[in-house]
Structure formats: C-alpha cells, structure tokens
Amino acid sequence: MFEKLEQLAKDNKKISDFHIRSGSPLAYRQTGEIIKVEDVMVTAQDLKDLLSMNCNEHELEKFNKTHELDTSVTLSGLRFRANFYKTIKGPACVCRRVESKIPDMDQFSLPQALYDIVDFHKGLVLVTGPTGSGKSTTLAAIVNEINKTRIKSCIERGS
C-alpha cells in the first residue's frame, strides 16, 4: 500500500487528498473527484504502521484514547496534514498534501485587500472557504510576507 501511495503522491501533483480506510481500497481526491485504486486494499496494519512511523508516544496514546488525531505525516520526503480516526472496520486516515515551500503572495492573483492586511497592526483576520480552496496557502503567504517585512507575532487558529 505504501509503495502505491508514495508513487501516486510523487507522480501526480493534482492529487489533493488520500483517503485511507481499513478494509477499503486506497482512494484519492483529484480535482474534486474521489478515485479508488481497486487493486490496493488497505489493512488495519497499514494504518497502524503509518501511525507508528509518524507519531510520538504521546500522539499514539491520544489516538488510542480519543479515537482521533490531527498530526502530520511524511512519506518519501512529501509532507501531509493527516486526520486519523477510527471506524467500525478499524483505523482510517485522510491525508492532505502540504507544500514544503512557503509561497510568496506575488505567486497568486490576490486582491489588494490581502496586501493591505500585511500592514495592519491590530485586529482579527478570518480566511474562510470550502475544503481545498486555498485558505492555508493564502494564510501562509500572508504570514510569510509579514515575516519578511517586520517583526511581529502571528497566531493562526485552524479548524
């Protein structure tokens, strides 16, 4: 399972999420559509291995106690934001690709209002939108710009 997952992640940048569920085929989301890899069945052991390879003892205890864990996963040098959870069939996980390089605001066609946010000295900024719309990428670019232009503390509160 890991070989196929790593191959897909490396070879196809259009994949945004991997859906890994015990007793189900490996699946991924590409341009909004979920695609199943029918010849790759995920086992509970696959997910236990993924957890043990990427989590410390405290995180493993938390998962066993609460049956849910938000963490990060690294596979073949690629980073993912991961949500582990338990189902009737066993453990499951959704992994969202996270780029390692922080983007610059100039890479995107952002409205002037977002550039103005960089100069704010007080306040609360909310970035909202549906899954996959670029909220985290936008925030990373804004925080990166603030870090480049002045010394400030930024606090991000994820969902």
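Now for a quick tour of the structure. Throughout, residues of each chain are indexed from 1 in the direction in which the sequence is written. The model is predicted, so local features are restricted to residues of pLDDT at least 70 and side-chain atom pairs to those at 80 or more, both for listing and for counting; the totals for chains, interfaces and linings are taken over all residues. To obtain the side-chain values, all non-hydrogen atoms of the structure were used and water was disregarded.

## Considering the pattern of salt bridges
Between side chains of opposite charge, a pair can form as their charged atoms come close.
Part 1 of the argument: By definition, a salt bridge exists where a carboxyl oxygen of Asp or Glu is found within 4 Å of a side-chain nitrogen of Lys or Arg. Enumeration over the complete set of coordinates arrives at four salt bridges.
Part 2 of the argument: Of the charged contacts in the structure, one is a salt bridge between K148 and E145, with a shortest N-O distance of 3.6 Å. A residue pair is termed a helical-turn pair when its members lie 3 or 4 positions apart in one helix, as K148 and E145 do in helix 5 (residues 135-149) at three residues.
Part 3 of the argument: Take K148: its relative accessible area is 51%, and that puts it in the exposed class.
Part 4 of the argument: If you follow the salt bridges from partner to partner, you end up with D17, R29 and R96 in one network. Helix numbering and strand numbering both begin at the N terminus, where a helix is a DSSP run of H or I of at least 4 residues and a strand a DSSP run of E of at least 2. Residue exposure (1.4 Å probe, protein chains only): buried if accessible area is under 20% of the type maximum, exposed if over 50%, otherwise partly exposed.

## Section: the sheet that holds strand 4 (residues 68-75)
Part 1 of the argument: Taken in spatial order, the six strands of this open sheet run 3-2-1-6-5-4, and their pairing is antiparallel. Across the chains shown, the open sheet's two edge strands, defined by having one partner strand only, are strand 3 (33-41) and strand 4. For this sheet, the mean angle separating the axes of adjacent strands, direction not counted, is 25 degrees.
Part 2 of the argument: Across nine bridges, the pairing between strand 5 (residues 78-87) and strand 6 (residues 90-98) is antiparallel. Bridge pairing in strand 6 places N83 opposite V94.
Part 3 of the argument: Residue contacts are counted whenever heavy atoms from the two residues lie within 4.5 Å of one another. To define axes, lines are fitted to C-alpha atoms, for helices over the stretch in contact only, and angles between the resulting N-to-C directions are given on a 0 to 180 degree scale. Strands strand 4, strand 5 and strand 6 of the sheet are contacted by helix 3 (residues 57-66), whose axis makes an angle of about 140 degrees with strand 4. Two strands pair if DSSP finds at least two bridges between them.

## What to know about the nonpolar core
Part 1 of the argument: Take the buried residues of types Ala, Val, Leu, Ile, Met, Phe, Trp, Tyr and Cys, join any two whose side-chain atoms come within 4.5 Å, and each joined set is a nonpolar core. Residues F18, I20, L26, L50 and F84 are the most contacted members of the largest nonpolar core, which totals 27 residues.
Part 2 of the argument: Elements that contribute at least two residues to this core include exactly helix 1 (2-11), strand 1 (15-21), strand 2 (25-30), strand 3, helix 2 (44-54), strand 4, strand 5 and strand 6.
Part 3 of the argument: Here I20 is in contact with M1, L5, L26, V42, L47, L50, A92, C93 and C95, once residues within four sequence places are set aside.
Part 4 of the argument: Within the second largest apolar cluster, eight residues are counted, among which are M105, L114, A141 and I146.

## Details of the packing of aromatic side chains
Part 1 of the argument: Between the rings of Phe, Tyr and Trp (Trp by its six-membered ring), a pair exists once the centres lie within 6.5 Å; its type follows the angle of the planes, with under 30 degrees stacked, over 60 edge-to-face, and the other angles tilted. Considering all chains together, one arrives at three aromatic pairs under this definition.
Part 2 of the argument: Plain terms: the ring middles of F63 and F84 are 6.3 Å apart, the flat faces sit at 70 degrees to each other, and that makes the pair edge-to-face. With F63 in helix 3 and F84 in strand 5, the pair connects residues that are 21 residues apart, well separated along the chain. For the pair F63 and F84, one class covers both residues: buried.
Part 3 of the argument: Aromatic rings pair up to connect F18, Y28 and F80 into one cluster.

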